[in-house]
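Descriptive structure summary
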Amino acid sequence: MTPPVKARSGHILLEGRRTYKDLLRVYPDIHRKVVEANRPFAKETEPLLPEVLLEENLRDLRGDRKPAGFNRQDVFGMRLIFPIGDPRHPEFYFSKPARCQEVVQITEQVSVMLKRRQIKHSVEYDRLPLGPVRGLPGMPPVGSAGVISVG
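The notes below deal with the structure included here. (Residues numbered from 1 in each chain as written. Predicted model: local features only at pLDDT ≥ 70, side-chain atom pairs only at ≥ 80, totals over all residues. Heavy atoms only, no water.)

**Concerning the packing of aromatic side chains**
Two descriptors summarise a pair of aromatic rings, namely the distance from one centre to the other and the angle between the planes of the rings. One pass over the full model with this rule turns up four aromatic pairs. Judged by centre distance (6.2 Å) and plane angle (50°), the ring pair of Y27 and F82 falls under tilted. Taken together, the positions of Y27 in helix α1 (residues 27–37) and F82 in the loop between β2 (79–81) and β3 (91–100) put the pair 55 residues apart, joining distant regions of the chain. Given the relative accessible area of 0%, Y27 is considered buried. (Phe/Tyr/Trp six-rings, centres within 6.5 Å; stacked < 30°, edge-to-face > 60°. Helix = DSSP H or I, 4+ residues; strand = E, 2+ residues; numbered from the N terminus. Buried < 20%, exposed > 50% of the residue type's maximum accessible area, 1.4 Å probe, protein only.)

**Observations regarding the sheet that holds β3**
Within a beta sheet, neighbouring strands are joined by backbone hydrogen bonds and run either parallel or antiparallel to one another. The strand order β2-β3-β1-β4 describes an open sheet built from four strands, whose pairing is antiparallel. In the strand order of this sheet, the two ends are held by β2 and β4 (121–125), each with one partner. Going from strand to strand, the sheet's axes swing by 20° on average, the running direction of each strand aside. Looking at chain direction, strand β1 (residues 7–14) and β4 are connected through five bridges and run antiparallel. Bridge pairing links I12 to V123 in β4. Taken strand by strand, helix α3 (residues 101–116) contacts β1, β3 and β4, and its axis lies near 160° from that of β3. (Pairing = 2+ DSSP bridges. Axes fitted to C-alpha atoms, helices over the stretch in contact; angles between N-to-C directions. Contact = heavy atoms within 4.5 Å.)

**Describing the pattern of salt bridges**
Charged atoms that come close allow side chains of opposite charge to pair. Applying the stated criterion across every chain yields a total of seven salt bridges. Notably, a salt bridge pairs R65 with D60, separated by 3.3 Å at the nearest N-O pair. With a relative accessible area of 41%, R65 lands in the partly exposed category. When its relative accessible area of 19% is taken as the criterion, D60 is described as buried. Measuring nitrogen to oxygen at the nearest pair gives 3.1 Å for the salt bridge that ties R127 to E124. Salt bridges here are not isolated pairs; linked through shared partners, they connect E91, E124 and R127. (Salt bridge = Lys/Arg side-chain N within 4 Å of Asp/Glu carboxyl O.)

**Some points on the packing of α1 against α3**
Running from N to C, α1 and α3 point in directions that differ by 165°, and their axes come no closer than 11 Å. In terms of axis orientation, α1 runs roughly antiparallel to α3. α1 and α3 meet at a crossing whose hand is right-handed. Between α1, through D29, I30, K33 and V34, and α3, the contact on the second element is made entirely by I106, Q109, V110 and M113. For the contact of α1 with α3, the per-class residue count stands at five nonpolar, one polar and two charged. (Parallel < 35°, antiparallel > 145°, perpendicular 65-115°, else oblique. Left-handed = near helix turned anticlockwise from the far one by under 90°. Nonpolar A, V, L, I, M, F, W, Y, C, P; charged D, E, K, R; others polar.)

**Comments concerning the side chain of D60**
Of note, D60 is situated in helix α2 (residues 49–62). Beyond its immediate stretch of four places on either side in the chain, D60 contacts R65, K66, P67 and A68.

**Things to note about unusual backbone geometry**
Even without glycine at this site, Q118 takes up a positive phi of about 60°. When you line up the elements, Q118 lands in the loop between α3 and β4. Its identity is not glycine, yet D126 carries a phi of approximately 50°, on the positive side. Residue position: D126 is located in the segment after β4. According to the relative accessible area criterion, D126 is partly exposed, its value standing at 32%.

**Looking at the packing of α1 against α2**
The contact between α1 and α2 brings their axes to 11 Å, and the two run at 150°. Classed by the angle they form, the pair α1 and α2 counts as roughly antiparallel. Both α1 and α2 take part in a crossing whose hand is right-handed. Each of Y27, P28, H31 and V35 in α1 lies in contact with α2, whose residues at this interface are P50, L53, L54, N57, L58 and L61. Considering only residue class, the contact of α1 with α2 consists of eight nonpolar, two polar and no charged.

As structure tokens, then:
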């Protein structure tokens with residue numbers, strides 16, 4: 001499958017009998033890619049934060065637990081999320097608030113890293129449920145048959 005040009009989220013789903021512990025050797029490289037993607041948004045007051053998060057995530061992976069990921073940066077930064085799901089089928093995804101090339105690029109780069117380590121996985125894009133479209137304040141939701149009362 002050809003990846004899209006832009007995406008809001010890039011999902012990597014581990015296949016077979018994989019666990020979180022299988023990510024232990026490759027996770028530091030994944031973490032570094034996310035930190036580099038967030039460099040323009042990093043706060044100078046928190047220089048040790050990426051290293052602390054890396055150690056916390058590695059501790060979780062060693063214990064075969066779902067790690068926290070990288071979800072503590074600026075609203076425009078890249079996020080690495082490990083969603084709550086079936087622990088027998090671990091997954092993680094990269095996301096940004098708007099569709100962009102960076103999400104596709106980092107997802108494809110990490111996919112190549114996993115292939116090199118012979119970790120079977122699949123890649124999907126834009127799987128996040130975004131909810132209903134919001135209307136203007138004071139207006140009924142789009143698609144509803146509500147009556148608008150003008151006071």
